[in-house]
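Results of the structural survey
Residues per chain are reported as follows:
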Amino acid sequence: MRRVSERETLTWETYGEAVRELAQQVADAGFVPDVVLGIARGGLIPAGSIAYALDCKNLFTMNVEFYTGVGTTLAVPTMLPPYLDASELDDARVLIVDDVADSGRTLEMVYDFCRDHVAEARTAVIYEKPRSAVKGDFVWKHTDLWINFPWSTQPPITDRSGVRDA
């Protein structure tokens, strides 16, 4: 087992390369999404970047809470309001984007939510861990380390939860 002090660090510069490479994977596969669906919070920044790279102007979000700290989670992923109306995805090709597929449970929940409405759904993540229940269709890098993302390594300016992401 790895120590918590061992981390994968993603810088802003490397992030830019990662999302371009992910978008290129999507394009090379011939998948043209009608909607890019970002899983909040960690998937919002990658979803917006990938949507720009793929020239997709339909960007939706789903807010899901699962991780409560480093290595600690709720019992199950939980959707938070505002809730996405699944009928808005009817017959669309949807690219579901998150920052990491760690356990894969959040990605799985969002995929299951979309499955009966969309024409096709595929998933894209910057990182995928070996234990993930869902294997991403598009993955930039595999790791089994805890990840320091550039948007969550600094402590919050206003600390409302008392929990630090990294």
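1. Topic: the pattern of salt bridges
What the rule picks out here adds up to six salt bridges. In this structure, the salt-bridge partner of Lys 129 is Asp 102, at a minimum N-O distance of 3.1 Å. Remark: Asp 102 occurs in the loop between β5 (93-101) and α3 (105-115) and Lys 129 occurs in the loop between β6 (120-128) and β7 (138-142); sequence separation between them is 27 residues. With relative accessibility at 6%, the residue Asp 102 sits in the buried group. Across the salt bridge formed by Arg 115 and Asp 112, the nearest N and O atoms sit 3.2 Å from each other. In this pair, Arg 115 and Asp 112 both sit in helix α3, three residues apart, roughly one turn of the helix. Residue Arg 115 is classed as partly exposed on the basis of its relative accessible area of 45%. Overlapping salt bridges bring together Asp 102, Lys 129 and Arg 131 as one network.

2. Comments concerning the packing of aromatic side chains
Summed over all chains, the structure comprises six aromatic pairs. Aromatic pair Trp 12 and Trp 151: ring centres 6.0 Å apart, planes at 55°, arrangement tilted. Remark: Trp 151 occurs in the segment after β8 (146-148) and Trp 12 occurs in helix α1 (residues 12-28); sequence separation between them is 139 residues. Among the residues examined, Trp 12 registers a relative accessible area of 48% and is labelled partly exposed. Since its relative accessible area comes to 23%, Trp 151 is described here as partly exposed. Taking 5.5 Å as the distance between ring centres and 85° as the angle between the ring planes, the aromatic pair formed by Tyr 15 and Trp 151 counts as edge-to-face. Taken together, the positions of Tyr 15 in helix α1 and Trp 151 in the segment after β8 put the pair 136 residues apart, joining distant regions of the chain. Grouping aromatic residues by their ring pairs yields a cluster made of Trp 12, Tyr 15, Tyr 127, Trp 140, Phe 149 and Trp 151.

3. A word on the side chain of Thr 123
Mapped onto the secondary structure, Thr 123 falls in strand β6. Assessed through its relative accessible area of 2%, Thr 123 is described here as buried. Not counting residues up to four positions away in its chain, the partners in contact with Thr 123 are Leu 95, Ile 96, Leu 107, Tyr 111, Lys 135, Gly 136, Asp 137 and Phe 138.

4. Quick notes on the environment of Gln 24
If you trace the backbone, Gln 24 turns up in helix α1. The class for Gln 24 is partly exposed, based on a relative accessible area of 43%. With 30 residues separating them along the chain, Gln 24 and Leu 54 place their C-alpha atoms 8.3 Å apart.

5. Looking at α3
Within α3, the full set of buried residues consists of Thr 106, Leu 107, Met 109, Val 110 and Cys 114. Summarising the axial view, the buried residues of α3 lie within an arc of 160°, below the 170-degree limit, and thus occupy one face.

So, how was this worked out
All residue numbers refer to positions counted from 1 along the written sequence of the respective chain. With pLDDT at 70 or above as the cut-off, local features in this predicted model cover only qualifying residues; side-chain atom pairs require 80 or more to be listed or tallied, and sums for whole chains, interfaces and linings still use all residues. Note that water and hydrogens are dropped before the side-chain values are worked out from all heavy atoms of the structure. Each reported salt bridge corresponds to a side-chain nitrogen of Lys or Arg within 4 Å of a carboxyl oxygen of Asp or Glu. Every helix listed is a DSSP run of H or I at least four residues long, and every strand listed is a run of E at least two residues long, numbered separately from the N terminus. Relative accessibility decides the category of a residue: with a 1.4 Å probe and only protein chains considered, values under 20% of the type maximum give buried, values over 50% give exposed, and everything between is partly exposed. We call Phe, Tyr and Trp rings a pair once their centres come within 6.5 Å, taking the six-membered ring for Trp, and we label the pair stacked below 30 degrees between planes, edge-to-face above 60, and tilted otherwise. A contact between two residues is defined here by any heavy atoms of the two lying within 4.5 Å. Throughout, the arc means the angular range of directions from the helix axis out to the C-beta atoms.

Honestly, it's all geometry; don't read function into it.
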